[in-house]
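Spelled out from the first residue to the last, the chains are:
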Amino acid sequence: MKDIFELEIVVNLEDIDVLNHVNNVVYVKWMDKVAFEHWAFLTRNNPLPQFIWVVLRHEIDYVKQAVLGDKITVKTWVGETKGFKSERYMEFYKNNDVLVKAKTIWGMLDAETYKPSRIRENVLNVLQPPK
């Protein structure tokens, strides 16, 4: 079973667009927030400030709508990781209904030079702990 991290979000007025549902761009902002929170959780006992993550690619499927006041559960987990790239999957749920499914390719950079940094065993062990 994959290691799943969950975060709860409540839809606020600023998340709503003219169609009275959560704007697609808001989901991208939430994806960034959830990824940051997950990385902070994974590195809470072993910070790795020498690295930063940047988005290289998003693939998003918008399945159902969310509206003002909805409580959304976001689930995320890390997929294939090699070189300087790492996949992250996310699913947004309202109750048991999938609202959005996404896959993001992140690139790990050296925090000082902003150049790609190969993901070595110390980072891989944080992203994908041994079973």
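Residues numbered from 1 in each chain as written. Predicted model: local features only at pLDDT ≥ 70, side-chain atom pairs only at ≥ 80, totals over all residues. Heavy atoms only, no water.

*Asks:* How should the overall build of the chain be read in this particular structure?
*Replies:* For the chain, the count of helices and strands is 2 helices and 5 strands. What you see in the chain, going N to C, is helices and strands ordered as β-α-β-β-β-β-α. A globule of 131 residues ought to have a C-alpha radius of gyration of about 14 Å, and the chain, at 16 Å, matches this closely. Counting only C-alpha atoms and orienting by the principal axes, one finds that the chain spans roughly 45 × 35 × 25 Å. Buried residues in the chain amount to 40% of all 131 residues. In the form shown here, the chain has an accessible surface area of approximately 8100 Å², with 51% of it arising from carbon and sulfur atoms. Here the chain contributes 18 positive and 18 negative side-chain charges, whose respective centroids are spaced 5 Å apart. (Helix = DSSP H or I, 4+ residues; strand = E, 2+ residues; numbered from the N terminus. Rg over C-alpha atoms; globule rule 2.2 N^0.38 Å. Buried < 20%, exposed > 50% of the residue type's maximum accessible area, 1.4 Å probe, protein only. Areas by Shrake-Rupley, 256 points an atom, 1.4 Å probe, with all protein chains shown as cover. Lys, Arg positive; Asp, Glu negative; His and termini not counted. Charge placed at Lys NZ, Arg CZ, Asp CG, Glu CD.)

*Asks:* Any chance you could explain the side chain of glutamate 91 here in plain terms?
*Replies:* Locating glutamate 91 in the fold gives a position in strand S4 (residues 85-94). Buried within the structure, glutamate 91 lacks any salt-bridge partner; lysine 101 is the closest side chain of opposite charge, at an N-O distance of 4.5 Å. A distance of 2.3 Å separates the side chain of glutamate 91 from the side chain of tyrosine 93, its partner in a polar contact. When residues no more than four places from it in sequence are discounted, the contact partners of glutamate 91 are Thr73, Val74, Lys75, Trp77, Val100 and Lys101. (Salt bridge = Lys/Arg side-chain N within 4 Å of Asp/Glu carboxyl O. Polar contact = N/O pair within 3.5 Å; in protein donor to acceptor, adjacent residues only side chain to side chain. Contact = heavy atoms within 4.5 Å.)

*Asks:* Before we go on, may I ask you to explain helix H1 (residues 24-42) in this structure?
*Replies:* In an α-helix, one turn spans 3.6 residues; hence positions three or four apart end up facing the same way. Given a rise of 1.5 Å per residue, 19 residues ought to cover 27 Å, and the 27 Å separating the end C-alpha atoms of H1 matches this to within 8%. Here H1 has its buried residues at Val26, Tyr27, Trp30, Met31, Val34, Ala35, His38 and Trp39. The backbone nitrogen of valine 25 has a side-chain oxygen 2.8 Å away, supplied by the residue at the start of H1, namely asparagine 23. (Expected span 1.5 Å × (residues − 1).)

*Asks:* I would appreciate a short explanation of the nonpolar core in the present structure.
*Replies:* Side chains of a nonpolar character, in soluble globular proteins, are inclined to be buried together. Residues Val22, Tyr27, Trp30, Trp53, Ile72, Phe92 and Val123 are the most contacted members of the largest nonpolar core, which totals 31 residues. By residue number, the principal contributor to this core is H1, which donates 7 residues. Non-local contacts of tyrosine 27, meaning those with residues more than four positions away in its chain, are made with Val22, Tyr62, Lys64, Ala66, Phe92, Leu99 and Val100. (Core = buried A, V, L, I, M, F, W, Y, C linked by side-chain atoms within 4.5 Å.)

*Asks:* Can you walk me through the packing of aromatic side chains in this structure?
*Replies:* Two measures describe an aromatic ring pair: the distance that separates the ring centres and the angle between the ring planes. Applying the stated criterion across every chain yields a total of 7 aromatic pairs. Each ring, one from tyrosine 27 and one from phenylalanine 92, has its centre 5.2 Å from the other, and the planes form 90°; the classification is edge-to-face. Linking tyrosine 27 in helix H1 with phenylalanine 92 in strand S4, this pair joins segments that are 65 residues apart in sequence. Using a relative accessible area of 0% as the deciding quantity, one classes phenylalanine 92 as buried. Taken together through their ring pairs, the aromatic side chains of Tyr27, Trp30, Tyr62 and Phe92 make up a single cluster. Looking at lysine 75, its charged tip hangs above the ring of tyrosine 93, at a distance of 4.8 Å from the centre. (Phe/Tyr/Trp six-rings, centres within 6.5 Å; stacked < 30°, edge-to-face > 60°. Lys NZ or Arg CZ within 6 Å of the ring centre and 35° of its normal.)

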